[in-house]
Amino acid sequence: MRWTRASLGAAAAVASVAAHDLLQRRHAILRNFPVVGHARYLIERIGPELRQYVVAGNDEERPFSRDQRRWVYASSKLENNNFGFGTDNDIEHTPGYVIIKHRTFGPAVPPTASHNGEQAWLPCAKVLGAARGRQHAFRPDSVVNISGMSFGALSANAVTALNRGAALAGCLQNTGEGSISPYHRSGGGLVYQVGSGYFGCRDENGRFDLARFKDTVASAPVRALEVKLSQGAKPGLGGVLPGVKVSAEIAATRGVPRGVDCVSPSRHTEFSDVDGMLDWVEMLAAETGLPVGIKSAVGDLSFWHELVRLMADTGRGVDLVTIDGGEGGTGAAPLVFADSVSMPFRLGFSRVYRIFAEAGLHERVVFAGSGKLGLPDNAVVAFALGADLVNVGREAMLAIGCVQAQKCHADTCPTGVATQNPWLAHGLDPALKSVRCANYIRTLRRDLLKLAEATGVEHPGLIGCPSVEILTGQSEATPLHEVYGYDPAWGFPSEVDQKEIARLMRETAPEGHRGESSPEPRATSTVGTG
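Read on for a plain summary of the structure. (Residues numbered from 1 in each chain as written. Predicted model: local features only at pLDDT ≥ 70, side-chain atom pairs only at ≥ 80, totals over all residues. Heavy atoms only, no water.)

## Some words on the sheet that holds strand β13 (residues 477–479)
Within the open sheet, the 3 strands sit side by side as β1-β12-β13. Their pairing is antiparallel. Taken across any chain shown, the strands that pair with only one partner, and hence form the sheet edges, are β1 (98–100) and β13. Put simply, the sheet's adjacent strands are angled 30 degrees from each other on average, direction ignored. In this structure, β1 lies alongside strand β12 (residues 468–471), joined through 3 bridges in antiparallel fashion. Note on β12: the bridge partner recorded for I99 is E469. (Pairing = 2+ DSSP bridges. Helix = DSSP H or I, 4+ residues; strand = E, 2+ residues; numbered from the N terminus. Axes fitted to C-alpha atoms, helices over the stretch in contact; angles between N-to-C directions.)

## Let's talk about the side chain of D324
Locating D324 in the fold gives a position in strand β9 (residues 320–324). A distance of 2.8 Å separates a polar atom in the side chain of D324 from a polar atom in the side chain of S370. (Polar contact = N/O pair within 3.5 Å; in protein donor to acceptor, adjacent residues only side chain to side chain.)

## Focus on helix α12 (residues 345–358)
Between its first and last C-alpha atoms α12 spans 20 Å; for 14 residues at 1.5 Å apiece the expected length is 20 Å, and the two agree. Burial in α12 covers these residues: F345, G348, F349, S350, V352, Y353, I355, F356 and A357. The inward-facing, buried residues of α12 abut α10 (302–314), β9, β10 (366–370) and α13 (376–385). Downstream of α12 by one or two residues, G360 has phi in the positive range, about 75 degrees. (Expected span 1.5 Å × (residues − 1). Buried < 20%, exposed > 50% of the residue type's maximum accessible area, 1.4 Å probe, protein only. Contact = heavy atoms within 4.5 Å.)

## Some thoughts on the packing of aromatic side chains
Here a ring pair, both rings aromatic, is described through the centre-centre distance and the interplanar angle of the planes. Taken as a whole, this structure holds 16 aromatic pairs when the rule is applied. Ring centres 5.4 Å apart and planes at 90 degrees place the aromatic pair F356 and F367 in the edge-to-face group. With F356 in helix α12 and F367 in strand β10, the pair connects residues that are 11 residues apart, well separated along the chain. Across the pair, exposure class does not vary: F356 and F367 are buried alike. The structure contains a cluster of three or more aromatic residues connected by ring pairs, namely F345, F349, Y353, F356, F367, Y486 and W490. The aromatic ring of F138 is capped on one face by R223, whose charged end is 4.0 Å from the ring centroid. The residue whose ring lies beneath R254 is F199, and the NZ or CZ to ring-centre distance is 5.1 Å. (Phe/Tyr/Trp six-rings, centres within 6.5 Å; stacked < 30°, edge-to-face > 60°. Lys NZ or Arg CZ within 6 Å of the ring centre and 35° of its normal.)

## Focus: the side chain of S155
Its place among the elements puts S155 in the loop between β2 (144–146) and α6 (156–169). Apart from residues no more than four positions distant in its own chain, S155 is found in contact with G416, V417, T419, Q420 and A425.

## Quick word on the pattern of salt bridges
Summed over the entire model, instances satisfying the criterion amount to 19 salt bridges. K214 is the partner of E287 in a salt bridge, and the nearest nitrogen-oxygen pair spans 2.9 Å. Here the residue E287 occupies a position in helix α9 (residues 274–288), and K214 occupies one in helix α7 (residues 210–218), the gap between them amounting to 73 residues. In this structure E287 comes out as partly exposed when scored by relative accessible area, which is 35%. Where salt bridges share partners, they join R132, R134, E282 and D319 into one cluster. (Salt bridge = Lys/Arg side-chain N within 4 Å of Asp/Glu carboxyl O.)

## Here's the deal with the nonpolar core
Counting residues in each nonpolar core, the largest one holds 117 residues, and the members touching the most others are W304 and F356. Broken down by element, the residue count for this core peaks at 8 residues, all from helix α16 (residues 430–454). (Core = buried A, V, L, I, M, F, W, Y, C linked by side-chain atoms within 4.5 Å.)

Shown next, in the form of structure tokens:
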């Protein structure tokens, strides 16, 4: 009897769905194929998961392949992140494939154990802010840092995990343009990003408020400032956080009304040209003593030519230039902006660096890069092109549990990383995931150190363009400096900085003849911090 009732209930439910499908007019598939037509929408919805786990090969997926994700996941858990049997990449038929050229002899002795070096100190080869005499100039303790991802785009638990992970790994976390939330205050040093919405430092009319800005900076461990001009995945486009996601916490953090759409304009209102921007940058530096940088995607180069000209002629300038590639990540963006606006990292970075180098200013600025640089091969190319730091965003998200579901814009992230849904976010344990974030960053630094040693130098910042070639076919390869029109001497810090970073690494980096144990991370170094 119970089975009969259940069967009748199921049949009634199916009949109800069929009747609804036949009568509705929005979906032709459902009208023509009632009930079974829903399978099409189900398959479409779980398509990314099917491709990710069943259909796609190891190197087919984008933005991160299965092999790349596996490497990040294993690194974050300190599991075996080696691969067996040899590469399955189609090296011979992949134009643009990167080849790093090892040297037989060099001054650096490689570590003799696979995990030796994960605790190694791998600082920036330049002192941020020193060239311009900033009061709180300092040498960043890590060449790998966490990219700008705001509270709002990420959940509170995700931001907490990243900040704790930054503290454990001894690196910096960029706040993103959403200001400094309570979850950015778990021990990690910060780069406070100031976007066009001036969140955390705005008045009631949305204009920049210097007093609030200084209060915000003083309330947290801010080491540097970054003026966000544009973002690689959506340059020239302001961000929108829908009102339904603007909780009381987010409203308080950003200084905006609760429950109202939070909009960041496409451009700043405090300046309208390069000259005004430099005045504003110098004002921020004078008021705080902190190094001040800019973050930008690369499009029209006239901005960069004007910036370099004014820096050379007037003595004003930025301490940090962060170039974000068009392949970089975002919480949400129109498809055409994510796909077709702004240059990819290597092309954009090389063009900007060349402008600075031709003016003789490249040694006076710290260059950072972002846009899929959390993988060792991509990062090495960035260093060879002249980057001093790399910022990791989505790779850090993967380390704390992201499964590349690509639901960031829908507030339905299944792992609680990119959502404000309390139920989904509660599944992310900050205590556990912070350790995984730190493990990933340490492992990336370890592999960068190994690659530097393989090329015969002590530090990845000393890897030059001649150490990298780009395959153009089965029998042809082009040195990196020829691909991007570089002088072979470009891409390095000054001679003084080169000698100093080599000395520091020889004193502190683990080497095979020094035994298997890894030294403790070096204490934070500062120059003129006051």
